[in-house]
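Chain by chain, the residues:
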Amino acid sequence: MILDCHSHIASFKYFPVEFFRGWSDTIKRTLPYSLSDSQSRKLDLLFDGLMDDSECERLSMEMDEAGITKSILLVIDFGITYKKYQDDIEEIHKCHVEIMSKTDKFIGFSGVDPRRGKEGIDLFEKAVTKWGFKGLKLYPPCGYSPSDSLLDPYYEICSSMGLPVLVHIGPTSAALPFRFSQPIELDSAAHRFPKVNFIMGHAGVTQYQEAALLAQYRPNIYLDISGFQGELNHGQFSKIMKWNISKGLSKRVLFGTDWPIHRFFGRQKKWVEAVKDLERQHILSKQDLENIMFNNLHQILFSEAQHGAK
Ligand SMILES: [Zn+2]
């Protein structure tokens, strides 16, 4: 059985076009050749096509094919950064509730920008007490630190209810600043709220050593490996996973896909097989693989003793 700790509904209803374009421009720039205007437009259309799954039907199908039992659907609150999405955040939560009500394949994490003030805290509280959301997703590149004291009321709720917080870490769409998405930005929050389990989205990607260092020394920090699809070339992914295992972190690494962001890489099954390959390459033991694919996240979400530091 496999649990995916990181996915989103693939629709422009939830991802601002400006944000998505900034991300696809980065991909284009990293290609080993330059594109003509018409090639660039074609590629935009191809990328836009990745956002065609507002009912999660395609995601559900690819999960079945890959053996993924459940996926966490993360809400991202872009509303403060992209004003036209401002009023929609409650509606966006409700759309997620509707998807979750149709199947038991999805678990929702609420997403609220802490700059929404009291309204935001009330919304988050409603999301976790009435609507069944099981955690909080934060997106610091929108312009705030995950250790900002504005988030303390959210972390207090998470602490008392045993809810995890998944924080985007590492670079993202070039349309946004990266200042607050450094691994170290999470440290103060994880230190001050030892009962909250913090999942570092994308395990630092380009700063994986710093991310691993934090996880090694803070028992309530976990590493989500979604986003490493782009690091498979040149053996970089195996190198990073070897690093994490050498730091004793097999119980802290979580499988994730970041659907639909990496759909251009291939289907969910391809990524699952790439991670399973690490056992075949003797980088992970059978037990490590089971921990990463299932046990670690299961413990965070469902265990009685789900708090990180005891
Ligand atoms: Zn994501």
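Residues numbered from 1 in each chain as written. Predicted model: local features only at pLDDT ≥ 70, side-chain atom pairs only at ≥ 80, totals over all residues. Heavy atoms only, no water.

Quick look at the coordination of the zinc ion
Taken together, the protein donors to the zinc ion comprise His6 (NE2), His8 (NE2) and Asp258 (OD), at separations of 2.1 to 2.2 Å. Of note, the zinc ion draws all its donor residues from one chain, in the sequence arrangement H-x1-H-x249-D. Placement of the pair is His8 in the loop between β1 (2–7) and β2 (10–11) and Asp258 in the loop between β10 (253–254) and α10 (268–280), with a sequence separation of 250 residues. The same class applies to His8 as to Asp258, namely buried. (Donors = N, O, S within 2.8 Å, 3.2 Å for Na, K, Ca; no water. Helix = DSSP H or I, 4+ residues; strand = E, 2+ residues; numbered from the N terminus. Buried < 20%, exposed > 50% of the residue type's maximum accessible area, 1.4 Å probe, protein only.)

Details of the packing of helix α4 (residues 89–102) against helix α5 (residues 118–129)
Here α4 crosses α5 at 10 degrees, and the two axes come no closer than 11 Å. As far as their axial angle goes, α5 and α4 are roughly parallel. Across from Ile89, Glu90 and His93 in α4, the residues of α5 making contact are Leu123, Lys126 and Ala127. When grouped by side-chain class, the residues that make up the contact of α4 with α5 number 3 nonpolar, 1 polar and 2 charged. (Axes fitted to C-alpha atoms, helices over the stretch in contact; angles between N-to-C directions. Parallel < 35°, antiparallel > 145°, perpendicular 65-115°, else oblique. Contact = heavy atoms within 4.5 Å. Nonpolar A, V, L, I, M, F, W, Y, C, P; charged D, E, K, R; others polar.)

Details of unusual backbone geometry
Backbone torsion omega between Trp259 and Pro260 reads 5 degrees, so that peptide bond is classified as cis. Here Pro260 is to be found in the loop between β10 and α10. Its identity is not glycine, yet Cys56 carries a phi of approximately 65 degrees, on the positive side. Mapped onto the elements of the fold, Cys56 is located in the loop between β3 (52–53) and α3 (57–66). Look at Ala203: it is not a glycine, yet its phi comes out positive at around 45 degrees. Locating Ala203 in the fold gives a position in the loop between β8 (198–201) and α8 (208–217).

A few points about the UniProt feature "domain: Amidohydrolase-related" (unreviewed entry) in the protein
Per the UniProt record, "domain: Amidohydrolase-related" (unreviewed entry) is found at residues 97–296. Taken end to end, residues 97–296 has its terminal C-alpha atoms 25 Å apart, with 40% of it in helix and 12% in strand. (UniProt positions renumbered as here; feature names shortened; annotations may be inferred.)

Focus on the pairing of strand β7 (residues 165–168)
Neither face of β7 is left uncovered, since the one carrying Val165 and Val167 and the one carrying Leu166 and His168 both have all their residues buried. The pairing of strand β6 (residues 136–138) with β7 spans 3 bridges and is classified as parallel. From the neighbouring strand, Lys137 faces β7, where its bridge partner is Leu166. Read as a crossover between parallel neighbours, the route from β6 over helix α6 (residues 152–161) to β7 is right-handed. Following the chain from β7 across helix α7 (residues 187–192) to the adjacent parallel β8, one finds a crossover that is right-handed. (Pairing = 2+ DSSP bridges. Right-handed = clockwise from strand over helix to strand, strands pointing away.)

Some points on the sheet that holds strand β5 (residues 106–111)
Taken together, 8 strands build an open sheet; the order of strands is β1-β4-β5-β6-β7-β8-β9-β10 and the sheet is parallel. A strand with exactly one partner marks an edge of an open sheet, and here the two such strands are β1 and β10. Here 4 bridges tie strand β4 (residues 68–74) to β5, and the two strands are oriented parallel to one another. Bridge pairing links Ser71 to Phe106 in β5. Along the sheet face, α3 touches β1, β4 and β5 and points at about 140 degrees away from the line of β4.

Quick look at α3
Those residues of α3 that sit buried are Leu59, Ser60, Glu62, Met63 and Ala66. When α3 is viewed along its axis, its buried side chains cluster within an angular range of 165 degrees and face the same direction. Exposed residues on α3 whose side chains face more than 90 degrees from its buried face are Glu57 and Asp64. Against the buried residues of α3 lie β1, β3, β4, β5 and α10. Just downstream of α3, Gly67 is the residue with a positive phi angle, here 80 degrees. (Arc of directions from axis to C-beta.)

Focus on the pairing of β5
Every other side chain in a regular strand lies on the same face of the sheet, so the side chains alternate between the two faces. The element β5 is largely enclosed, with a buried count of 6 among its 6 residues. On β5, burial covers both faces: Phe106, Gly108 and Ser110 on one face and Ile107, Phe109 and Gly111 on the other are all buried. Bridge count between β5 and β6: 2 bridges; the pairing is parallel. What sits directly across from Gly111, in β6, is Lys137. Regarding topology, α5 serves as the crossover connection from β5 to the parallel β6, and that connection is right-handed.

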